[in-house]
Amino acid sequence: MNNAANQQPREKTIARTSVISIFANVALAAFKAFVGIASSSISIILDAVNNLSDALSSIITIIGIKLAAKKPDKKHPYGHGRIEYISASAISVIVLYAGLAALKESVEKIIRPQRPNYTSATIAILAAAILVKIFLGFYVKSVGKKVSSKALEASGDDAKNDALLSASVLASVLAMKFFGVSLEAYVGVLISIFIIKNGIEILKDTLDDILGARVPRQTAIAVKQTICETPGVHGAYDLFLNDYGPDRLQGSVHVEVDDTMTAQEIDELSNHIILSVYKEHRVILTAVGIYSRNTREPEAVAAKEKIISLLESYKNVLQMHGFYFDKEKKIIKFDVIISFDSKDREGECSSILQAAMQEFPGYSIKINLDSDMSD
């Protein structure tokens, strides 16, 4: 099951958008640098440098998507998709650097103010640059969301922040030209702080992806719903999905089926689930485990009902599944999902075990503390 064909159009879309961003930022940087030097305005020159950093971000995005598209190899059997997250984190570092540089320059201008020479051409170019940056920011971010590219989304946010920075420069230019009041440095400090905050947020999001954050709850619920719609499946549990890059989710799941199913029927069921989940959600299930549902022993059904009733007194228990009952060997086993909101999940699990042992004296009881993607 290979999604390389789906990745190719996505790679081209990201590369094309990044190239557009590069040309736009280089052009803006050139115009601003010319105006900044001509008017002796360090803030406009700094804005030009910021545009060059955006061009560099787009170059990093292109390199990242190219590397991420590499085929799996012996060292990286799940592909190189997470390189995109690394490239997004690199962009966040650039954003942080731009914010810190702007903050430093603004503070220096407060301490040692300078009087630049602004013209009508300066105002016109800055106004045009702001409009271009706003359009570019919304365009790049919309494409990023469409193709699930964190790097493009980060670049789009950065472009919109740059528009704010340029707007602050323009506002200070107008204040100086028409009222003789110098506000550029103070506004620059506020905008710099905003840019730094945005860079930190982008870095945090990408680090979560690199570390392996939980997939979106709606994705997990949708996958389990598709599985439960399969005839013969009484429940889907223990869904674990690993993120190997955008649109590269792989994982496993357990399903509950009747204990009367044959190995051949289970094999056909597993294949059907794997194909259905990939078709509907582009998620690759590498394994489908089985929980046997006891349908032949009334004692097992009664024991399960007792356990369910016992668990109702624990508010942090979200689910019980994988119930196993053996009357002859006096064995009871089940999995329990306790919310991460619990202050002591292990302690609650131990409490449940003690209560179950009192309910079923003489039985060997084993409880597996489980977690779930849709918790």
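As a starting point, this report considers the structure included with it. (Residues numbered from 1 in each chain as written. Predicted model: local features only at pLDDT ≥ 70, side-chain atom pairs only at ≥ 80, totals over all residues. Heavy atoms only, no water.)

With respect to the sheet that holds strand 6 (residues 364–370)
Strand order across the open sheet formed by three strands is 4-5-6, with mixed pairing between neighbours. Each having just a single partner strand, strand 4 (317–326) and strand 6 make up the two edges of the open sheet. In this sheet, adjacent strand axes meet at a mean angle of 15 degrees when their direction is disregarded. Seen against the sheet, helix 9 (residues 298–311) touches strand 4 and strand 5 (331–338) and runs at an angle of roughly 155 degrees to strand 4. Packed on one face of the sheet, helix 10 (residues 345–359) meets strand 4, strand 5 and strand 6 and runs near 155 degrees to strand 6. (Pairing = 2+ DSSP bridges. Helix = DSSP H or I, 4+ residues; strand = E, 2+ residues; numbered from the N terminus. Axes fitted to C-alpha atoms, helices over the stretch in contact; angles between N-to-C directions. Contact = heavy atoms within 4.5 Å.)

Some points on the packing of helix 7 (residues 217–228) against helix 8 (residues 263–281)
For the pair helix 7 and helix 8, the least separation of the axes is 10 Å and the interaxial angle reads 140 degrees. The angle between helix 7 and helix 8 falls in the class oblique. You can see that helix 7 and helix 8 cross each other, and the crossing is right-handed. Only Ile273, Ser276, Val277, Glu280 and His281 of helix 8 make contact with helix 7, whose side of the interface consists of Ala222, Val223, Thr226 and Ile227. (Parallel < 35°, antiparallel > 145°, perpendicular 65-115°, else oblique. Left-handed = near helix turned anticlockwise from the far one by under 90°.)

Here's the deal with helix 4 (residues 120–146)
With 27 residues, helix 4 extends 39 Å from end C-alpha to end C-alpha; this agrees with the ideal 39 Å at 1.5 Å per step. Among the residues making up helix 4, those that are buried are Thr122, Ile123, Leu126, Ala129, Ile130, Lys133, Leu136, Gly137, Val140, Lys141, Val143 and Gly144. (Expected span 1.5 Å × (residues − 1). Buried < 20%, exposed > 50% of the residue type's maximum accessible area, 1.4 Å probe, protein only.)

Topic: the packing of helix 3 (residues 83–111) against helix 5 (residues 150–179)
At a minimum axis distance of 8 Å, the contact between helix 3 and helix 5 shows a crossing angle of 15 degrees. By the criterion of interaxial angle, the relationship of helix 3 to helix 5 is roughly parallel. With respect to the hand of their crossing, helix 3 and helix 5 are arranged in left-handed fashion. Residue-level contacts link Glu84, Tyr85, Ser87, Ala88, Ile91 and Val95 of helix 3 to Lys150, Ala151, Ala154, Ser155 and Asp158 of helix 5. In terms of residue class, the contact of helix 3 with helix 5 is made up of six nonpolar, two polar and three charged. (Nonpolar A, V, L, I, M, F, W, Y, C, P; charged D, E, K, R; others polar.)

Side note on the environment of glutamate 105
Note that glutamate 105 resides in helix 3. With 84 residues separating them in the primary sequence, glutamate 105 and valine 189 have C-alpha atoms 8.7 Å apart.

Considerations on the pattern of salt bridges
Counted by the stated rule, this structure contains five salt bridges. For lysine 141, the salt bridge is made with aspartate 157, and the minimal N-O distance between the two is 2.8 Å. Taken as a pair, lysine 141 in helix 4 and aspartate 157 in helix 5 lie far apart in primary sequence, 16 residues in all. Note on lysine 141: relative accessible area 18%, which makes it buried. Residue classification places aspartate 157 among the buried residues on the basis of a relative accessible area of 18%. (Salt bridge = Lys/Arg side-chain N within 4 Å of Asp/Glu carboxyl O.)

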